[in-house]
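Here are the chains, one letter per residue:
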Amino acid sequence: MATFELYRRSTIGMCLTETLDEMVQSGTLSPELAIQVLVQFDKSMTEALETQVKSKVSIKGHLHTYRFCDNVWTFILTDALFKNEEAPENVNRVKIVACDSRLLSQ
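A short tour of the structure in this document, coming up.

Procedures and definitions
- Residues numbered from 1 in each chain as written.
- Predicted model: local features only at pLDDT ≥ 70, side-chain atom pairs only at ≥ 80, totals over all residues.
- Heavy atoms only, no water.
- Helix = DSSP H or I, 4+ residues; strand = E, 2+ residues; numbered from the N terminus.
- Rg over C-alpha atoms; globule rule 2.2 N^0.38 Å.
- Buried < 20%, exposed > 50% of the residue type's maximum accessible area, 1.4 Å probe, protein only.
- Areas by Shrake-Rupley, 256 points an atom, 1.4 Å probe, with all protein chains shown as cover.
- Lys, Arg positive; Asp, Glu negative; His and termini not counted.
- Charge placed at Lys NZ, Arg CZ, Asp CG, Glu CD.
- Salt bridge = Lys/Arg side-chain N within 4 Å of Asp/Glu carboxyl O.

Section: the overall build of the chain
Phase 1: Summing up its helical and strand segments, the chain has two helices and three strands in all.
Phase 2: Listing the helices and strands of the chain from first to last along the sequence gives α-α-β-β-β.
Phase 3: Whereas a compact globule of 106 residues would reach a radius of gyration of roughly 13 Å, the chain reaches 17 Å, over 25% beyond that.
Phase 4: With respect to the principal axes defined by its C-alpha atoms, the chain has extents near 45 × 30 × 30 Å.
Phase 5: Looking at the chain as a whole, 15% of its 106 residues qualify as buried.
Phase 6: Total accessible area on the chain stands at roughly 8,300 Å², and carbon and sulfur atoms take up 54% of it.
Phase 7: Of the charged side chains in the chain, 11 are positive and 14 negative, and the gap between their average positions amounts to 9 Å.

A word on the environment of His64
Phase 1: Along the chain, the position of His64 falls in strand S1 (residues 58-69).
Phase 2: Between the C-alpha atoms of His64 and Arg93, which are 29 residues apart in sequence, the distance is 9.1 Å.

With respect to unusual backbone geometry
Phase 1: Although it is not a glycine, Asp70 adopts a positive phi angle of roughly 55°.
Phase 2: You can see Asp70 is positioned in the loop between S1 and strand S2 (72-83).
Phase 3: Note on Asp70: relative accessible area 69%, which makes it exposed.
Phase 4: Not every positive phi belongs to a glycine, and Asn71 is a case in point at roughly 65°.
Phase 5: Note on placement: Asn71 falls in the loop between S1 and S2.

Observations concerning the pattern of salt bridges
Phase 1: Following the criterion strictly, the structure yields one salt bridge and no others.
Phase 2: Notably, a salt bridge pairs Arg8 with Asp42, separated by 2.5 Å at the nearest N-O pair. Taken together, the residues Arg8 in the segment before helix H1 (11-26) and Asp42 in helix H2 (residues 31-51) connect sequence positions 34 residues apart. Asp42 shares its class with Arg8; the two are buried.

Laid out in C-alpha cells, this is it:
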C-alpha cells in the first residue's frame, strides 16, 4: 500500500517524529527502525481515516489562496465556519491540503 506523508505534519506526527529523533540520538533506536515506524504511521493513519471516520463536515469561508501542484490541492481559508452534527466552529485561518486517493493505488 502506498501512502502519503501528509500526516507527519500533524500534531501527533510531529510529536512522533521528535520522539523518534530523540531515541535515535540517544542510541536506543536505530535510524532504520525509526524510518520503519514512520512508514507504518503513514499506513495506519491512511487506513484509520478510510475505515473509522464516518462523520462529515461542511466548510464555508473566504478563499484566501489556492494552489494545485503535483496532484496536491492546497487551500487557505480565512474566517472559516466548520459545521458538523455536534456544533459549528469558527476558525480565523485554516490550511487544507487535499490529495487524490486514487494515486495511492498506483
